[in-house]
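One letter stands for each residue in the lines below.
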Amino acid sequence: MIKQTINNLFKNSKYSNLGLAMVLLGIALWLMPRYFFWPPQYVSLMNDDGIDAIAVFVGVGLLVYAAISAHDNKIAGILLVGSAAFVTSIMVVEVLHMIFVGQFKMSVPAVLCLYMLLNILDVARNRNTKE
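Presented here is an overview of the structure given in this document. What you see is a predicted model; the values in this text were computed from it and never measured.

What counts as what
Residues numbered from 1 in each chain as written. Predicted model: local features only at pLDDT ≥ 70, side-chain atom pairs only at ≥ 80, totals over all residues. Heavy atoms only, no water. Helix = DSSP H or I, 4+ residues; strand = E, 2+ residues; numbered from the N terminus. Expected span 1.5 Å × (residues − 1). Buried < 20%, exposed > 50% of the residue type's maximum accessible area, 1.4 Å probe, protein only. Contact = heavy atoms within 4.5 Å. Phe/Tyr/Trp six-rings, centres within 6.5 Å; stacked < 30°, edge-to-face > 60°.

## What to know about helix α2 (residues 13–31)
At 3.6 residues per turn, the α-helix brings residues three or four places apart onto the same side.
Then, in step 1: Taking 1.5 Å of rise per residue, 19 residues should cover 27 Å, and α2 covers 27 Å from first to last C-alpha, within 8% of that figure.
Then, in step 2: Here α2 has its buried residues at Y15, S16, L18, G19, M22, V23, L25, G26 and L29.
Then, in step 3: Buried residues in α2 make contact with α1 (2–11), α4 (49–68), α5 (73–101) and α6 (107–126).

## Some thoughts on unusual backbone geometry
Then, in step 1: Along the chain, W38 connects to P39 via a cis peptide bond; the corresponding omega equals -5 degrees.
Then, in step 2: Assignment of secondary structure puts P39 in the loop between α2 and α3 (43–46).
Then, in step 3: The phi angle at S69 is positive, at roughly 50 degrees, despite the residue not being glycine.
Then, in step 4: Secondary-structure assignment places S69 in the loop between α4 and α5.

## Observations regarding the environment of G26
Then, in step 1: Here G26 lies in helix α2.
Then, in step 2: Given a relative accessible area of 0%, G26 falls into the buried group.
Then, in step 3: Along the chain, G26 and I54 lie 28 residues apart, while their C-alpha atoms are 7.5 Å from each other.
Then, in step 4: Here G26 is in contact with D52, A55 and V56, once residues within four sequence places are set aside.

## Side note on the packing of aromatic side chains
Then, in step 1: Across all of its chains, the model carries three aromatic pairs by this definition.
Then, in step 2: Ring geometry for Y35 against F36: centres 4.8 Å apart, planes inclined by 75 degrees, an arrangement best described as edge-to-face. Both residues of the pair, Y35 and F36, belong to the buried class.
Then, in step 3: Ring geometry for W38 and F100: centres 5.1 Å apart, planes at 20 degrees, overall stacked. One end of the pair, W38, is in the loop between α2 and α3; the other, F100, is in helix α5, with 62 residues separating them in the sequence.

Any functional reading would require information that these geometric values do not contain.
Listed below in C-alpha cells is the structure:
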C-alpha cells in the first residue's frame, strides 16, 4: 500500500509538487507572524494564522488527491481554485509592498508566487477532465 501511494505521488507529480509547495508556503507564513505590514489597517487580517492554515489545508488536499489518484473533477477543481486564489492574493500583497512601501526584498517571493500560479493554471488547463 505504501509503495502504491508513493507510485501515485510520482505519477501525479504536478499535483504532488503543487501540494508540497502550498504546504511549505503556508508553514512559512505561519512561522512569520509579522511578514506583512502594509497597509496598517489590514495587518492583523493578512498575518492571520487561519489564512495560513488554508494554504496548508489546500496543500495537504492536493497531496492526498495525488496519493489516492482519485481523478474527481470537482475535487481537483476546488483544490486548484483554492490554491490559485491563495497564491494570487499573496502575490498581490507582496507586489503592493514593493510598489507602495519600497520593499523590493519581496520581489523574489512575488516572482516565485507568479511561477507557482502559472504552474497551477497549467495543471488546470492540461488535466484530463474526461475521467
